[in-house]
Structures are given as structure tokens and as C-alpha cells.
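The lines below spell out each chain.
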Amino acid sequence: MARKLHYFNVNGLGEPIRYMLHYAGQKFEDVQYDVKKWPIPHVKDFLPYGQLPLYEEGGKTLNQSLAIARYIASQAHLLPADAWEQAEIDAVALNIYDYWSKVVLYIKESDPVKKAAYKKEILEEFINFYFSRFEKELKKNNGFFGNKLSWADFVLVGIVEATNLFLGIEVQKQFPTVQTLVTKVRSLPGVKEYIAKRTPYQV
Ligand SMILES: N[C@@H](CCC(=O)N[C@@H](CS)C(=O)NCC(=O)O)C(=O)O
């Protein structure tokens, strides 16, 4: 079955999906658009909501990164079997996205004064607020969000890497359990080889 993932040539919402597909050993076409050339009209017009990522499989398409990640997880033993545990993992992924929404405001802001103010707020408030909670949950659950590896762990690693790329920091350094998870996910079979081969991202 032909699989295709469309995303930018940067880290962000698409990278945890790439990691999971590589971890699952799924063959897929990794279509990467140059973020510096965006918007590419014929691509944007073809996207159902004008945004990436978009996943294609068996002639069908799926947008929304979390829906795609959850679907891939269901095929890669990264989704808990129990409905309550699934909901807990969904909540974790949404909490991570709540944090990321603050960084998106910073990325999209073009006014340098407002941009600097967003950055200050992220560095001085939001990172601490969210990551101290992520750290606590991971510690409580054996180093993973759900006691064993799940798709939410991949989402966090993707968002950590995207944070580092866009803010020029190494956010995991202040949070040892997050740091351990990042190292673990980046060392997984399939993921490790993909990271070694990929072109370093730039923004
Ligand atoms: N809720 C959507 C958000 C998608 C999104 O914000 N995509 C960004 C890249 S991370 C995008 O396509 N930006 C270009 C644009 O909006 O034209 C998801 O999670 O997939």
C-alpha cells in the first residue's frame, strides 16, 4: 500500500510522524517542501485546509498531525489497548500542543518588538509551566507518558526538537527525564538511522 507524508523540510508537526513511520519500518514517500519557498500555490491549493502535514494511504488522505500520529501509532503498537489509557495519551498530546501554540505565536510574529516579548514569555514562563509538568508525568510513569513507549512520547520529542530549532535553545537540558526520553526516542531502531541520514534542519 503506497504511503506518502507531505510536510516541510524542517522539524515540527510532521517529524514525530516521520519518526513513527521509520520506527514501524513502514515504507513511505517522505515529500518535503522548502519552507522558505512557502506558499507554493499548487501545493497549498491541493491541501484540504491549506496546511501541512498531509498523509496519504491507499488513495485516501488525512490531515491534522495528531490524527495522523494516532493512526500511525495504532499500527505500530504505540497506542494503548485500553480506552481510558488512550484518552490519557490523547490528553498528553493535546497538552504538548497547548505549549506549542505559544511558540507558534512567536514564530508567526513579524514585529520584532512583539516577537522578542513572546520569546521572553516562552523562556521565562511557558517552558517552565509546561515542561515541569511533562517532567513530573514522565517520572511518575517509568520515563514514558503511559508507562511504556507511546505516540505521545514521539510527539514530545518532535516538539522539543522544533522548540530548539526555532528558539535556538536546548530545552531538554533543564529537564532530566525529558532529556532521557529524547535520547531514548532518538536511539530507537529506524529513528536512529533516519536521523543519521537526514539533512540538518535550518530556519
Ligand atoms: N492543526 C494542524 C496545524 C497545521 C499547521 O499549523 N501547519 C503549518 C506547519 S506546522 C502550515 O502548514 N503552515 C503553512 C500555512 O499555514 O500556510 C495540525 O496539527 O496538523
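Everything quoted here is computed from the prediction, not taken from an experiment.

1. Section: the overall build of the protein
So, point 1. Counting secondary structure elements, the protein contains 8 helices and 4 strands.
So, point 2. Its C-alpha radius of gyration of 17 Å places the protein within 12% of the 17 Å reference for a compact globule of 203 residues.
So, point 3. Dimensions of the protein along its principal axes, counting C-alpha atoms only, are 45 × 45 × 30 Å.
So, point 4. In the protein, buried positions account for 33% of the 203 residues.
So, point 5. Sequence-distant contacts, at least 24 apart, represent 69% of the contacts inside the protein between residues at least 6 apart.

2. Re the sheet that holds strand S3 (residues 54-57)
So, point 1. A sheet is described by the order of its strands in space; here 4 strands give the open sequence S2-S1-S3-S4, paired in mixed fashion. At either end of the open sheet lies a strand with only one pairing partner, and these are strand S2 (29-33) and strand S4 (60-63). Averaged over all adjacent pairs, the angle separating strand axes in this sheet is 20 degrees, with direction ignored.
So, point 2. Sheet topology note: the S3/S4 ladder contains 4 bridges and is antiparallel. What sits directly across from Glu-56, in S4, is Thr-61.

3. Things to note about the domain arrangement of the protein
So, point 1. Structurally, the protein comprises domain 1 (3-77 + 190-197) and domain 2 (83-187).
So, point 2. Computed from C-alpha atoms alone, the centre-to-centre distance between domain 1 and domain 2 is 20 Å.
So, point 3. Taken residue by residue, the interface counts 14 residues in domain 1 and 14 residues in domain 2.
So, point 4. Contributions of two or more residues to the side of domain 1 that touches domain 2 are made by helix H1 (15-23), helix H3 (65-75) and helix H8 (191-197).
So, point 5. For the side of domain 1 that touches domain 2, a count of residues per class yields 9 nonpolar, 2 polar and 3 charged.

4. Describing the nonpolar core
So, point 1. Ranked by internal contacts, the top residues of the largest apolar core, which has 48 residues, are Met-20, Ala-69, Trp-151, Val-155 and Leu-156.
So, point 2. Mapped by element, the contributors of at least two residues to this core are strand S1 (3-8), H1, S3, H3, helix H4 (83-108), helix H5 (112-140), helix H6 (151-167) and helix H7 (176-186).
So, point 3. Residue contributions to this core peak at 9 residues, all from H6.
So, point 4. Two domains each donate at least three residues to this core, and these are domain 1 (3-77 + 190-197) and domain 2 (83-187).
So, point 5. Here Val-155 is in contact with Pro-16, Ala-69, Ala-93 and Ile-96, once residues within four sequence places are set aside.

5. A short note on the environment of Gly-59
So, point 1. Its place among the elements puts Gly-59 in the loop between S3 and S4.
So, point 2. With 11 residues separating them along the chain, Gly-59 and Arg-70 place their C-alpha atoms 19 Å apart.

6. Details of the pairing of S2
So, point 1. When S1 meets S2, the two strands line up parallel, connected through 5 bridges. Across the sheet, the residue bridging to Leu-5 is Asp-30, located in S2.

7. Some thoughts on the environment of Glu-29
So, point 1. Tracing the backbone shows Glu-29 in strand S2.
So, point 2. Looking at Glu-29, the number of C-beta atoms within 10 Å reads 10, which means it is exposed.
So, point 3. With 155 residues separating them along the chain, Glu-29 and Lys-184 place their C-alpha atoms 25 Å apart.

8. Thoughts on unusual backbone geometry
So, point 1. Residue Pro-39 is reached from Trp-38 by a cis peptide bond, and omega for that bond is 0 degrees.
So, point 2. Its place among the elements puts Pro-39 in the loop between S2 and helix H2 (41-46).
So, point 3. In this chain, Leu-52 is followed by Pro-53 through a cis amide linkage whose omega measures 10 degrees.
So, point 4. Tracing the chain through its elements places Pro-53 in the loop between H2 and S3.
So, point 5. Residue Asn-142 is not a glycine yet carries a positive backbone phi of 70 degrees.
So, point 6. For Asn-142, the position within the fold is in the loop between H5 and H6.
So, point 7. Despite not being glycine, Asn-147 shows a phi value in the positive range, around 75 degrees.
So, point 8. With respect to the helices, strands and loops of the structure, Asn-147 is situated in the loop between H5 and H6.

Rules of the game
Residues numbered from 1 in each chain as written. Predicted model: local features only at pLDDT ≥ 70, side-chain atom pairs only at ≥ 80, totals over all residues. Helix = DSSP H or I, 4+ residues; strand = E, 2+ residues; numbered from the N terminus. Rg over C-alpha atoms; globule rule 2.2 N^0.38 Å. Buried ≥ 20, exposed ≤ 12 C-beta atoms within 10 Å, placed from the backbone. Contact = placed C-beta atoms within 7 Å. Pairing = 2+ DSSP bridges. Axes fitted to C-alpha atoms, helices over the stretch in contact; angles between N-to-C directions. Domains from an automatic or database assignment. Nonpolar A, V, L, I, M, F, W, Y, C, P; charged D, E, K, R; others polar. Core = buried A, V, L, I, M, F, W, Y, C linked by C-beta atoms within 7 Å.

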